[in-house]
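These are the residues of each chain, in order.
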Amino acid sequence: MEQRQQWGSRYGFILAAVGSAVGLGNIWRFPAVAYENGGGAFFLPYLFAIITAGIPILILEFTIGQKYRGSAPLSLFRLNKKAEWLGWWQLLISFVICTYYAVIVAWAIKFTIYSFGTQWGSDPESFFFGSVLKIADEPGTIGGLVPGIVIPVLCVWAVALFVLYRGVSKGIEKLNKIFLPVLIVMFLVIVIRALTLDGAAQGLDAFFKPNWDMILDGKVWIAAYGQIFFSLSIGFAIMITYSSYLPKKSDINNNAFITAFANSGFELLAGIGVFAALGFMANQQGVAVEEVVSSGIGLAFVVFPSIINEFPGMNGLFGVLFFLSLVFAGMTSLISIVETFIAGVQEKFNVSRTKAVLTSGLVATVISLIFATNGGLYLLDVVDYFINNFGIVTAGLVEVILIAWFFKGLNGLQSHTNAISDIRIGAWWKFCLSVVTPIILGYMMFDNIRQNLKENYGGYPTELILYSGVLVVAVSIIIGVLLSFKKWKSNALDKNREVV
């Protein structure tokens, strides 16, 4: 009997895992989160969050995938038959995320081209929202498709699905072996160039200067856990799926430590580059750094083009490097997200990889076009907020509670990973997963619910919040439960079966 697909090397797996973790959020979310939560002082709760939540959950998910050798639904089914629905829920969260993530990558592709000659002109904000997105005047208005967005979205999906069609070692692993090193080199060039600009020191001072008074604020610690949770690709099926392609004897614990700290290293690098550039912008405008700090889509597609406009000489090259970095980071993460539900569809419905890629990819591509409409940005913003804060966080909370408290599965998983790893885990790991992580994630959920009952996210209309936020999260849970009722084919339950 043929063996299940595997990574070609340990190096290939680590690059793929890091490539999944290193995404758009590392570049445009982490710097602002750190700055707003105490600057240099934020690194203490951040490191604590890595040790007590990030690495323990990575080890948990790596172990589940490597031991049970299946997609998230199948691996969790093998762990406990009552856990399959959770795997489908996590898989559906990934499906939702990939539909809008591809659109953001498409924007980055367009801006890579616009960087030649800084085609966004002197008003990047009007250019992005008006000329590029052709955004509707009112949130909730769908409008028509924007051709300039549709074409790059289709290109993104064509590349992603071709890589996935090629399989684990010949597709995903090869792409990450090219994209991730190139991404790091490009971003190093950006950082080095940014550090030579006037005002860079002012920006770095704002980023690293510790505000120790904030260290006692519970919100700072919650922000640290939130950043780690969102940036490591945990809680939504990716790491379970990726680790399921590991050989039967793999050093799981070492891999988890390497993945977590490599991701954090890139976040720190991104923070240095972003704040050096923001310091330059503040210097050029004669204002304080806090007046130009931004995050998310605004930082990438409005603030950075404004910074690039001010660059002394060859500003187009800096723009190309920055937006290509977004493309590369986005593509490695997108492919990891899509692989989760392709693997699930293959195994549950007993179809070939080709059929799973084509059917899943086609459905995801069509749904992506909703975010390529005039009202797409509003939908994207709401869906992203709710699927992250009420999808990923809740699924992660349910995962650790079920496995640690109800299924009593930590002892068996600990024995498995310790038997094949150089670094052994002990009481620290079980305490973090059974006590620390549930408390932190539980409070995050409570605080999210409290804030959203108090006022609508982003001031959006209630109707938009309900159908593109609450409904999306609810439907993902319902479909996940329904899919778990369908019985597995007997050959899908064979751990040694190759999925092709």
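Preceding block: the structure.
The text that follows walks through the structure, step by step, so that each part is easy to find. (Residues numbered from 1 in each chain as written. Predicted model: local features only at pLDDT ≥ 70, side-chain atom pairs only at ≥ 80, totals over all residues. Heavy atoms only, no water.)

### Notes on the nonpolar core
Here comes step 1: Residues Trp107, Phe301 and Leu334 are the most contacted members of the largest nonpolar core, which totals 190 residues.
Here comes step 2: If one sorts the elements of this core by residue count, helix α6 (residues 84-114) sits on top with 20 residues.
Here comes step 3: Apart from residues no more than four positions distant in its own chain, Phe301 is found in contact with Trp28, Ile104, Trp107, Ala108, Phe111, Pro124, Phe128, Phe323 and Leu326. (Core = buried A, V, L, I, M, F, W, Y, C linked by side-chain atoms within 4.5 Å. Buried < 20%, exposed > 50% of the residue type's maximum accessible area, 1.4 Å probe, protein only. Helix = DSSP H or I, 4+ residues; strand = E, 2+ residues; numbered from the N terminus. Contact = heavy atoms within 4.5 Å.)

### Points about the side chain of Thr332
Here comes step 1: Along the chain, Thr332 turns up in helix α15 (residues 315-349).
Here comes step 2: At a separation of 3.0 Å, a polar atom in the side chain of Thr332 contacts the main-chain carbonyl oxygen of Ala329. (Polar contact = N/O pair within 3.5 Å; in protein donor to acceptor, adjacent residues only side chain to side chain.)

### Here's the deal with unusual backbone geometry
Glycine aside, the phi torsion of most residues is negative, and most peptide linkages are trans.
Here comes step 1: Residue Ala237 is not a glycine yet carries a positive backbone phi of 80 degrees.
Here comes step 2: Within the secondary structure, Ala237 sits in the loop between α11 (218-231) and α12 (238-243).
Here comes step 3: On the basis of relative accessible area, Ala237 is assigned to the buried category, the value being 0%.
Here comes step 4: You will see that Asn350, though not glycine, has its phi angle at about 55 degrees, which is positive.

### Structural notes on the packing of aromatic side chains
Here comes step 1: A complete count under the given rule lists 49 aromatic pairs for this structure.
Here comes step 2: Ring geometry for Tyr100 against Phe371: centres 6.0 Å apart, planes inclined by 70 degrees, an arrangement best described as edge-to-face. One end of the pair, Tyr100, is in helix α6; the other, Phe371, is in the loop between α16 (353-368) and α17 (376-406), and 271 residues separate them in sequence. With respect to class, Tyr100 is no different from Phe371; both count as buried.
Here comes step 3: Taking the ring centre of Trp488 as reference, the NZ or CZ of Lys348 above it sits at 4.2 Å. (Phe/Tyr/Trp six-rings, centres within 6.5 Å; stacked < 30°, edge-to-face > 60°. Lys NZ or Arg CZ within 6 Å of the ring centre and 35° of its normal.)

### Looking at α16
Here comes step 1: Helix length check: α16, at 16 residues, gives a terminal C-alpha distance of 22 Å against a target of 22 Å (1.5 Å per residue), a fit within 8%.
Here comes step 2: Considered for burial, the residues of α16 that qualify are Arg353, Ala356, Val357, Ser360, Gly361, Ala364, Thr365 and Ser368. Burial along α16 is one-sided: seen end-on, the buried residues are contained in an arc of 135 degrees. Opposite the packed face of α16, turned more than 90 degrees from it, sit the exposed residues Lys355, Leu358, Leu362 and Val366. (Expected span 1.5 Å × (residues − 1). Arc of directions from axis to C-beta.)

### A few points about the environment of Thr141
Here comes step 1: One can find Thr141 in the loop between α7 (124-132) and α8 (147-165).
Here comes step 2: Residue class for Thr141 comes out partly exposed when judged on its relative accessible area of 37%.
Here comes step 3: Measuring from C-alpha to C-alpha, the distance between Thr141 and Thr373 comes to 9.3 Å, with 232 residues separating the pair along the chain.
Here comes step 4: The contact partners of Thr141, leaving out residues within four places of it in the chain, are Ala136 and Gly375.
Here comes step 5: Looking at Thr141, its side chain comes within polar contact range of the main-chain oxygen of Glu138, at 3.2 Å.

### Quick notes on the environment of Lys408
Here comes step 1: By secondary structure assignment, the location of Lys408 is in the loop between α17 and α18 (410-420).
Here comes step 2: Its relative accessible area of 62% is what places Lys408 among the exposed residues.
Here comes step 3: With 97 residues separating them along the chain, Lys408 and Phe311 place their C-alpha atoms 57 Å apart.
Here comes step 4: Not counting chain neighbours up to four residues away, the residues in contact with Lys408 comprise Leu402 and Ile403.
Here comes step 5: Only 3.1 Å separates the side chain of Lys408 from the backbone oxygen of Trp405, close enough to count as a polar contact.

### Here's the deal with α7
Here comes step 1: What α7 keeps buried is the set Pro124, Phe127, Phe128 and Val132. Along the axis of α7, the buried residues cluster in a sector spanning 95 degrees; they form a single face.
Here comes step 2: Positive backbone phi, approximately 50 degrees, marks Lys134, located one or two places after α7.

### Thoughts on the pattern of salt bridges
Here comes step 1: Counted by the stated rule, this structure contains four salt bridges.
Here comes step 2: Where Arg353 meets Glu339, a salt bridge forms, and the shortest distance between an N and an O atom there is 2.5 Å. Within this pair, whereas Arg353 is found in helix α16, its partner Glu339 is found in helix α15, the two being separated by 14 residues in sequence. Summarising the burial analysis for this pair, Arg353 and Glu339 share the class buried.
Here comes step 3: Put simply, Asp447 and Arg450 hold a salt bridge, and the shortest N to O gap is 2.6 Å. (Salt bridge = Lys/Arg side-chain N within 4 Å of Asp/Glu carboxyl O.)

### Here's the deal with the side chain of Ser20
Here comes step 1: By secondary structure assignment, the location of Ser20 is in helix α1 (residues 10-21).
Here comes step 2: Ser20 has contacts with Ser233, Ile238, Met239, Tyr242, Thr332, Ser333 and Ser336, leaving out every residue within four places of it along the chain.

### Points about the packing of α6 against helix α20 (residues 462-484)
Two packed helices can be described by the angle between their axes and the distance between those axes.
Here comes step 1: Two elements in contact, α6 and α20, have axes separated by 8 Å at closest approach and are oriented at 135 degrees. When the axis of α6 is compared with that of α20, the two are oblique. Read as a crossing pair, α6 and α20 show a hand that is right-handed. Between α6, through Glu84, Trp85, Trp88, Trp89, Leu92 and Val96, and α20, the contact on the second element is made entirely by Val472, Ser476, Ile477, Ile479, Gly480, Val481, Leu483 and Ser484.
Here comes step 2: Within the contact of α6 with α20, the residues separate by chemical class into ten nonpolar, three polar and one charged. (Axes fitted to C-alpha atoms, helices over the stretch in contact; angles between N-to-C directions. Parallel < 35°, antiparallel > 145°, perpendicular 65-115°, else oblique. Left-handed = near helix turned anticlockwise from the far one by under 90°. Nonpolar A, V, L, I, M, F, W, Y, C, P; charged D, E, K, R; others polar.)

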